[in-house]
Amino acid sequence: MSVDQSTRHAVGPGPDPAAGDPDASTGRAELFGTYVEPEIEAMLRVAHRLTGSWNDAEDVVQDSLVRAYRAIDRFDGRHPRAWLFTIVRNTHLNSLRRTRPVPAEDEWLERRTPAFGADRAPSAEEVYADRHFDADVEAALAALDPRFRRVVLLVDLDHLTYAEAAEVLGVPVGTVMSRLSRARSRLREQLAHRRPGPDPTTDPKGKRR
Amino acid sequence: MSVPMLDCWLSARRLDRYLDRDDSARLTDGQARRLEHHLSVCARCASSAEDRMRVRAALHRLGARHRPDPAAVARLEDVAARLRTGEGA
Ligand SMILES: [Zn+2]
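Residues numbered from 1 in each chain as written. Chains lettered and ligands numbered in written order. Predicted model: local features only at pLDDT ≥ 70, side-chain atom pairs only at ≥ 80, totals over all residues. Heavy atoms only, no water.

An unreviewed UniProt entry lists chain B under the name Zf-HC2 domain-containing protein, with Nocardioides donggukensis given as the organism.

Quick look at the structure:
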């Protein structure tokens, strides 16, 4: 739906920007394989934070890959992730301009499904205590102002560096740091009444609500 | 208790940077050592550090649980491979 057919087309048979110059084409392919392909999942995560939907995110990343491929010979090799995330952000902004006027507010956990990547097997008690605490953390996250939440999502859930998050959000690194710090202290305040104990059903006299 | 207030104030300011180890705002070795020492003697700051680590760990778990659909990643990897090999043909 929000897919630009012209870019989509370029993925299939179409004009190759490097066609006609085999050397340039080889170099481009190598750079692309080195810098871009390993980051596809990270790009998808970032696009999801921006669009609020996995479907839109996939479209944005697909367009971003095409752009990255075309631009890679101008990339200086430094901070490839930051460079890619900038492309993702710009692609997203472009697609917003093309499609709907109002950006989707991030339904960051739109489906609270235990999703695809559950990748560990801790003890039963651990699972129990963690699950309760995690539910509280999710609730506290959801209660944050979106501007603050987004920084936490990018840095703490998606493991972006401050600089990378700054690229995604289009703000200075210092802004990322101050938002992060405020967001985290807000989270701690919200969770202050929730210390993991042997009996998570005992509810201590709750601080704030 | 003889813990200087200044160290508590500094610790609160630096704990996140200490835990994040982010290149944009890494503590110097001296700052990190001073903080570590303070945490070893100040129960309040040590407990604050624990709180932060606990929330962090929960956020990491959340991130691990909400990963993209592997099928979507695979589709995009396919797009990328076709770009790289210049095919489609
Ligand atoms: Zn202290």
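And the narrative resumes.
What about the overall build of chain A?
Note the cut-off: Starting at the N terminus, helices and strands are each numbered in turn, a helix being any DSSP run of H or I of at least four residues and a strand any DSSP run of E of at least two. Think of it in three bands: residues with accessible area under 20% of the maximum for their type are buried, residues over 50% are exposed, and the middle band is partly exposed, with areas taken using a 1.4 Å probe on protein chains only. We call two residues in contact whenever any of their non-hydrogen atoms come within 4.5 Å of each other.
Each helix and strand counted, chain A has nine helices and zero strands in total. Traced from its N-terminal end to its C-terminal end, chain A shows the element sequence α-α-α-α-α-α-α-α-α. Expressed as a percentage of the 209 residues in chain A, the buried residues total 46%. Relative to all contacts within chain A whose residues are 6 or more apart in sequence, the contacts with residues 24 or more apart total 70%.

Focus on the coordination of the zinc ion
Around a metal, the perfect tetrahedron of four donors has angles of 109.5 degrees, and the perfect octahedron of six donors has angles of 90 or 180 degrees. Rule in force here: Counted as coordinating are nitrogen, oxygen and sulfur atoms within 2.8 Å of the metal, or 3.2 Å for Na, K and Ca, while water is not included, which may make sites look incomplete.
On the protein side, the zinc ion has B:Cys8 (SG), B:His38 (NE2), B:Cys42 (SG) and B:Cys45 (SG) as donor atoms, found 2.1 to 2.3 Å from it. Mapping the donors of the zinc ion onto the primary sequence yields the spacing C-x29-H-x3-C-x2-C.

Structural notes on empty space enclosed by the protein
Quick note on the threshold: Each cavity reported here is a set of points on a 1 Å grid over the protein atoms alone in which a 1.4 Å probe fits but cannot get out, each pocket an open set with protein on both sides within 12 Å along at least five of seven lines, and each lining residue one with an atom within 4 Å of a point. Grid points are joined across faces, edges and corners, and a volume is the space filled by probe spheres set on the points. Residues were grouped as follows: Ala, Val, Leu, Ile, Met, Phe, Trp, Tyr, Cys and Pro as nonpolar; Asp, Glu, Lys and Arg as charged; and all remaining residues, including Gly, as polar.
According to the stated counting rule, one finds five cavities of 30 Å³ or more in the structure shown. Its volume calculated, the second largest cavity comes out at about 60 Å³. Residue lining of the second largest cavity: A:Asp156, A:Arg184, A:Arg188, B:Asp16, B:Arg52, B:Val55, B:Arg56 and B:Leu59, and that is the complete set. At the level of secondary structure, the elements contributing two or more residues to the lining of the second largest cavity comprise helix H9 (173-191) of chain A together with helix H3 (43-65) of chain B. In terms of residues, the lining of the second largest cavity owes the most to one element, H3(B), which gives four residues. Class assignment of the residues belonging to the lining of the second largest cavity gives a composition of two nonpolar, no polar and six charged.

Structural notes on the pattern of salt bridges
Rules: The rule for a salt bridge is simple: a side-chain nitrogen of Lys or Arg has to be within 4 Å of a carboxyl oxygen of Asp or Glu.
One pass over the structure, following the stated rule, counts 22 salt bridges over all chains. B:Arg67 is the salt-bridge partner of A:Glu41, the closest N and O atoms lying 3.1 Å from each other. Remark: B:Arg67 occurs in the loop between H3 and helix H4 (70-84) and A:Glu41 occurs in helix H3 (residues 40-51); the pair is interchain, linking two chains. Its relative accessible area of 24% is what places A:Glu41 among the partly exposed residues. A:Asp158 serves as the salt-bridge partner of A:Arg45, at 2.6 Å between the closest nitrogen and oxygen.

Thoughts on the domain arrangement of chain A
Residues and elements named next belong to chain A. Heads up, the condition is: Domain boundaries shown here were taken from an automatic or database domain assignment. As used here, buried area is the combined drop in accessible area, with a 1.4 Å probe, of two parts when they are placed together.
Domains assigned within chain A are domain 1 (12-98) and domain 2 (120-194). Each partner contributes to the roughly 1,000 Å² buried at the junction of domain 1 and domain 2, and carbon and sulfur atoms together form 55% of this total. Among the residues domain 1 hides against domain 2, the three largest losses belong to Arg49, Arg81 and Arg89. Together they make up 50% of the total. Taken together, domain 1 and domain 2 are joined by three salt bridges. At the level of secondary structure, the elements contributing two or more residues to the side of domain 1 that touches domain 2 comprise H3 and helix H5 (80-98). The leading source of residues in the side of domain 1 that touches domain 2 is H5, at five residues. When its residues are assigned to classes, the side of domain 1 that touches domain 2 shows four nonpolar, one polar and four charged.

Quick look at the side chain of A:Glu164
Residues and elements named next belong to chain A. For the record, the criterion: Two N or O atoms count as a polar contact when they lie within 3.5 Å, although within protein this holds only if one can serve as hydrogen donor and the other as acceptor, and sequence-adjacent residues are included solely when both atoms are side-chain atoms.
When you line up the elements, Glu164 lands in helix H8 (residues 162-169). Among the polar contacts listed, one links the side chain of Glu164 to the side chain of Arg81, at a separation of 2.9 Å. In this structure, Glu164 is in contact with Arg81, Ala82, Phe85 and His159, ignoring residues within four places of it in sequence.

Some thoughts on H8(A)
Taking burial as the measure, the eight residues of H8(A) include six buried ones, the bulk of the element. Buried residues belonging to H8(A) abut H3, H5, helix H7 (146-157) and H9 of chain A together with helix H1 (5-20) of chain B. Looking at the residues trailing H8(A), positive phi occurs at A:Gly170, about 65°.

Re the environment of A:Val152
Of note, A:Val152 is situated in helix H7. A relative accessible area of 0% means that A:Val152 is categorised as buried. Taking the C-alpha atoms as reference, A:Val152 lies 20 Å from A:Glu39; in sequence the two are 113 residues apart. Residue contacts for A:Val152: discarding those within four places in its chain leaves A:Leu141, A:Leu144, A:Leu157, A:Leu180, A:Ala183, A:Leu187 and B:Leu59.

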